[in-house]
Amino acid sequence: MAKIRQLLLLRHAKSSWDDTALADFDRPLAPRGRKAAPRMAEEILKRGWLPDLALVSPSVRTRETWQLASARWPVPQPPVAFPDDLYLATARELLAEVQSASDAVMTLLVVAHNPGLEDFALQLAGSGSDDNALKLLADKFSTGALARLQFEGAWNELNFGSARLTHCLRPKDLN
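Residues numbered from 1 in each chain as written. Predicted model: local features only at pLDDT ≥ 70, side-chain atom pairs only at ≥ 80, totals over all residues. Heavy atoms only, no water.

Remarks on the overall build of the protein
Next up, step 1: Of regular secondary structure, the protein possesses five helices and six strands.
Next up, step 2: The order of α-helices and β-strands along the protein, N terminus first, is β-α-β-α-β-α-β-α-α-β-β.
Next up, step 3: In terms of overall size, the protein behaves like a compact globule, its C-alpha atoms giving a radius of gyration of 15 Å where 175 residues would be expected to give roughly 16 Å.
Next up, step 4: Along the first, second and third principal axes, the C-alpha atoms of the protein reach 50 × 35 × 30 Å.
Next up, step 5: Looking at the protein as a whole, 53% of its 175 residues qualify as buried.
Next up, step 6: The contacts of the protein with a sequence gap of at least 6 include a subset with a gap of at least 24, amounting to 79%.
Next up, step 7: Carbon and sulfur atoms make up 52% of the accessible area of the protein, which amounts to about 8200 Å² in all.
Next up, step 8: Where the 21 positive side-chain charges of the protein centre and where its 21 negative ones centre are 7 Å apart. (Helix = DSSP H or I, 4+ residues; strand = E, 2+ residues; numbered from the N terminus. Rg over C-alpha atoms; globule rule 2.2 N^0.38 Å. Buried < 20%, exposed > 50% of the residue type's maximum accessible area, 1.4 Å probe, protein only. Contact = heavy atoms within 4.5 Å. Areas by Shrake-Rupley, 256 points an atom, 1.4 Å probe, with all protein chains shown as cover. Lys, Arg positive; Asp, Glu negative; His and termini not counted. Charge placed at Lys NZ, Arg CZ, Asp CG, Glu CD.)

Put into structure tokens, the structure is as follows:
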């Protein structure tokens, strides 16, 4: 029997544009983002969706999102990797990263950027996806938002259209 896996796609929380001299890669979180990341982490914990592994873009804002989120979870923290390829990755690049996950990982969290993350979630969502979640995701995958997808099989078998989008949660809807 195939294993049901869970993929959590978390867009980095709201970033700051205060220092226009900073390169995009180096932009930190804004105050709103520093509040949203822990809130989303609490929701992940409350729903029992803690990851076995996290793949996080190496940018400052994604690392801060990860740090603020994972600090809310029980220790030991899940293992984390910061693949360079996740920075501003396309849907196809995200798919390649996810497909390389170990078979031991049942729940995988990816913290990355738009537009690639939103495109990736929408392209993965196949039949059986939740209509409301699809609508929310298609309307706007806002900063700090989380898409939850499930599929059967190994990570290297995941492909576009082969997962079910079950949830799309936005920080503003959780308050």
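As for the packing of helix H1 (residues 31–46) against helix H2 (residues 60–70)
Next up, step 1: Their axes nearest at 8 Å, the elements H1 and H2 cross at an angle of 50 degrees. When the axis of H1 is compared with that of H2, the two are oblique. Considering how the two elements wind past one another, H1 and H2 form a crossing that is right-handed. Of the residues in H2, those in contact with Arg-34, Ala-37, Pro-38 and Ala-41 of H1 are Thr-65, Leu-68 and Ala-69.
Next up, step 2: Its residues assigned to classes, the contact of H1 with H2 comprises five nonpolar, one polar and one charged. (Axes fitted to C-alpha atoms, helices over the stretch in contact; angles between N-to-C directions. Parallel < 35°, antiparallel > 145°, perpendicular 65-115°, else oblique. Left-handed = near helix turned anticlockwise from the far one by under 90°. Nonpolar A, V, L, I, M, F, W, Y, C, P; charged D, E, K, R; others polar.)

Comments concerning the packing of aromatic side chains
Ring pairs (aromatic) are described by centroid distance and by the angle formed between their planes.
Next up, step 1: In the structure shown here, the tally under the stated rule is four aromatic pairs.
Next up, step 2: Relative to Trp-73, the ring of Trp-66 lies with its centre 5.9 Å away and its plane at 70 degrees, an arrangement referred to as edge-to-face.
Next up, step 3: Residue Trp-66 is classed as buried on the basis of its relative accessible area, which comes to 6%.
Next up, step 4: Residues Phe-120 and Phe-160 carry aromatic rings whose centres are separated by 6.5 Å and whose planes lie at 80 degrees to one another, so their mutual orientation is edge-to-face. Placement of Phe-120 in helix H4 (residues 116–124) and of Phe-160 in the loop between strand S5 (146–152) and strand S6 (164–169) is noted, with a sequence separation of 40 residues between them.
Next up, step 5: Accessibility expressed as a relative area gives 0% for Phe-120, which makes it buried.
Next up, step 6: The class of Phe-160 is partly exposed, set by a relative accessible area of 23%.
Next up, step 7: Here the basic side chain of Arg-27 rests over the ring of Trp-17, its NZ or CZ set 3.7 Å away from the ring centre. (Phe/Tyr/Trp six-rings, centres within 6.5 Å; stacked < 30°, edge-to-face > 60°. Lys NZ or Arg CZ within 6 Å of the ring centre and 35° of its normal.)

Notes on unusual backbone geometry
What you tend to see is this: most non-glycine residues have negative phi, and most peptide bonds are trans.
Next up, step 1: Omega for the bond connecting Val-75 with Pro-76 falls within 30 degrees of zero, at 0 degrees, which places this linkage in the cis form.
Next up, step 2: Locating Pro-76 in the fold gives a position in the loop between H2 and strand S3 (80–81).
Next up, step 3: Residue Pro-115 follows Asn-114 across a cis peptide bond; omega there is 5 degrees.
Next up, step 4: By the secondary structure assignment, Pro-115 is in the loop between strand S4 (107–112) and H4.
Next up, step 5: The phi dihedral of Leu-88 is positive, around 55 degrees, even though this residue is not glycine.
Next up, step 6: Here Leu-88 shows up in the loop between S3 and helix H3 (91–99).

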